[in-house]
Amino acid sequence: MEYLIIAIVLAVVVAVALGVMFLRPRARAGAPREAPPTPPPAPPGRQPAPDEGGAGGAPAATLPPVSRQPATQVAEAPPPLAGRMARLRGRLAQSQSAFGTVLLNLLSRDALDAQAWEEVEDTLIAADLGVGPSRQIVDDLQTHVRVDGTRGADAVRGLLKRDLLTQIGADLDRSLRITRHGSRPAVVLMVGVNGTGKTTVCGKLARALVGEGNSVLLGAADTFRAAAADQLATWGDRVGARVVRADREGADPASVAFEAVRQGIEEGVSTVIIDTAGRLHTKTGLMDELGKIKRVVSRQATVDEVLLVLDATTGQNGLRQARVFAEAVDVTGIVLTKLDGTAKGGIVVAVQRELGVPVKLVGLGEGPDDLAPFEPGAFVDAILG
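Only a predicted model underlies this, so the values are computations on that prediction, with no experimental measurement involved.

Below, the discussion takes up helix α11 (residues 316–328). Taking 1.5 Å of rise per residue, the 13 residues of α11 would be expected to cover 18 Å, and the 19 Å separating its terminal C-alpha atoms lies within 8% of that figure. Gly318, Leu319, Gln321, Ala322 and Phe325 are the residues of α11 that are buried. Buried residues of α11, viewed axially, fall in a sector of 160°; they line one side.

Here it is, written out as structure tokens:
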């Protein structure tokens, strides 16, 4: 009897198990599986990664939001051009102090003989002032010392400052002509030999003008060096100025300059700055090309400024370069770069006498705001310390 009861219980258990198995619903072949639950939306500012919440694996770790900034962003407005040289005077004084110290020490001697005056003249010539201006300054100083008996450092400094200002030309018009002509923008053409910093000057000038509320378009007419257009484009991104460039290396630079001015007129910008290829002043064909660029641009707008960029450290070689460039295209102003790294500030006088045009801008450092309008008073004060 006991065995019968155990057999009945086992039969009931087996029957219940088989009933559960057969009653459970089965998925039909080919039927779609149930979709996984939809993942929560991604946090603002990011897209979900491709493998986040994927089937067959654990969701990827949640990434922090990624901030998206515009490609062109100016951190702060640059300082205005006016007054920059006075603010940078200390930097200029550090490089020019040897020149001023030597002169003042020589002129403050109790006795100034012929040898001392010759040393004064040699110091002025060594600073690239030029032989003519140096002799004139020495002659004027000799007259005052003999007649007035000037010996004190302050008195000598005053005399030397007056003579240097006379040679530099404190009364010259050094203003940049960057005013719109009705519906047409002002056009600035930047020229010079290789390595003087033309492209950098274009970028720094554009930055200064944009900071003063002007709109600027840059023309990359240096089509012989791809890096030049890229460098100019980098400056354009920094300051918010669009760049017109050729679609291929070696394109006609005059056509690029023409297109830049055309688009500048259409867009109503204030100023178009055209960067040209560096060229050796001994290459006649390349120099003639500058004249062609100016003629082509002049069909649409007036070329207001032709700025010749010179390296202040090149001395007399820079004067030869300036002479040839002036013959090829009418230069309206000089930009002296690297003036902070040399004690040869006399090149200012020499190049102005050579070309009959003023130094308008000077580079006093590597920073984006180290381009300054040339101010004779601040320059002479820096030289004399």
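Another point: the pairing of strand β3 (residues 242–245). By the bridge criterion, 4 bridges tie strand β2 (residues 216–221) to β3 in an arrangement that is parallel. Within β3, the position partnered with Gly219 by the bridge is Val244. Taking the sense of rotation as the criterion, the β-α-β connection linking β2, helix α8 (residues 226–239) and β3 turns out right-handed.

Another point: the packing of helix α6 (residues 153–168) against helix α13 (residues 376–384). It is at 10 Å that the axes of α6 and α13 come closest, and there the two elements cross at 135°. Taken together, the axis directions place α6 and α13 in an arrangement best described as oblique. The two elements α6 and α13 cross, and the hand of that crossing is right-handed. The segment α6 lies against α13, with Arg157, Leu160, Lys161, Leu164, Leu165 and Ile168 engaging Pro376, Gly377, Phe379, Val380, Asp381 and Leu384. Across the contact of α6 with α13, the residue classes break down as 8 nonpolar, 1 polar and 3 charged.

As a further point, take the sheet that holds strand β6 (residues 333–337). Strand order across the open sheet formed by 8 strands is β3-β2-β4-β1-β5-β6-β7-β8, with mixed pairing between neighbours. Every other strand in the sheet has two partners, leaving β3 and β8 (371–373) as the edge strands with one partner each. Averaged over neighbouring strand pairs, the angle between their axes works out to 25° when direction is ignored. Pairing of strand β7 (residues 359–363) with β8 involves 3 bridges; the strand directions are antiparallel. Residue pairing across strands places Gly363 opposite Leu371, the latter belonging to β8. Each of β1 (186–191), β2, β4 (271–276), β5 (303–311), β6, β7 and β8 is contacted by helix α7 (residues 198–211), which is oriented at about 170° to β4, the strand it contacts most.

Structurally, the position occupied by Met287 is in helix α10 (residues 284–297). Each C-alpha atom, one on Met287 and one on Gly192, is 10.0 Å from the other, the two residues being 95 residues apart in sequence.

Right, let's get into the pattern of salt bridges. Note on pairing: side chains with opposite charge can pair once their charged atoms come close. Under the counting rule described, the total for this entry stands at 13 salt bridges. The shortest N-O distance in the salt bridge between Lys294 and Asp330 comes to 3.8 Å. With Lys294 in helix α10 and Asp330 in the loop between α11 and β6, this pair connects stretches of sequence that are 36 residues apart. Residues Lys360 and Glu305 are paired through a salt bridge, measuring 2.8 Å at the closest nitrogen-oxygen approach. Highlighted residues: Lys360 in strand β7 and Glu305 in strand β5, separated in sequence by 55 residues. We note that Lys360, like Glu305, is buried.

Looking now at unusual backbone geometry. Backbone geometry places Asp128, a non-glycine residue, at a positive phi of 65°. Secondary-structure assignment places Asp128 in the loop between α4 (114–126) and α5 (131–148). Here Lys338, not a glycine, exhibits a phi torsion of approximately 60°, which is positive. When you line up the elements, Lys338 lands in the loop between β6 and α12 (347–355). Owing to a relative accessible area of 37%, Lys338 belongs among the partly exposed residues under this scheme.

Here we come to the pairing of β5. On a regular strand, one side chain projects to one face of the sheet and the next to the other, so that they alternate. Buried residues dominate β5, accounting for 9 of its 9 residues. The pairing of β1 with β5 spans 5 bridges and is parallel. Each bridged residue has a counterpart across the sheet, and for Val188 the counterpart in β5 is Glu305. Relative to β6, β5 runs parallel, the two sharing 5 bridges. Counted as the bridge partner of Leu310 is Leu336 from β6. Viewed along the sheet, the connection from β5 through α11 into β6 turns out right-handed.

Cut-offs and rules
Residue numbers run consecutively from 1 along every chain, following the written order of its sequence. Residue-level local features of this predicted model are given only where pLDDT is at least 70; pairs of side-chain atoms are given and counted only at 80 or more, and the full residue set underlies all totals for whole chains, interfaces and linings. Only hydrogens and water are removed before side-chain values are computed, so all heavy atoms of the structure are retained for them. Strands are runs of DSSP state E lasting at least 2 residues, helices are runs of H or I lasting at least 4, and numbering of each runs from the N terminus. To estimate how far a helix should reach, multiply one less than its number of residues by 1.5 Å. Throughout, exposure labels follow a simple rule: accessible area from a 1.4 Å probe, protein chains only, divided by the maximum for the residue type, with under 20% read as buried, over 50% as exposed, and the rest as partly exposed. To obtain the arc, one takes the directions from the helix axis to the C-beta atoms. Pairing between strands is defined by DSSP: at least two bridges between them are needed. With the strands pointing away from the viewer, any crossover whose connection runs clockwise from the first strand over the helix to the second is right-handed. Every axis corresponds to a line fitted to the C-alpha atoms, with the helix fit spanning only the stretch in contact, and the corresponding angles, defined between N-to-C directions, vary from 0 to 180 degrees. Note on angle classes: values under 35 degrees are labelled roughly parallel, values over 145 roughly antiparallel, values of 65 to 115 roughly perpendicular, and the remainder oblique. What makes a crossing left-handed is the near helix being turned counterclockwise from the far one by less than a right angle; a clockwise turn instead makes it right-handed. In this analysis, two residues are considered to be in contact whenever any of their non-hydrogen atoms come within 4.5 Å of each other. Three classes are used: nonpolar for Ala, Val, Leu, Ile, Met, Phe, Trp, Tyr, Cys and Pro, charged for Asp, Glu, Lys and Arg, and polar for all others, with Gly counted as polar. Here, a salt bridge means any side-chain nitrogen of Lys or Arg that lies within 4 Å of a carboxyl oxygen of Asp or Glu.

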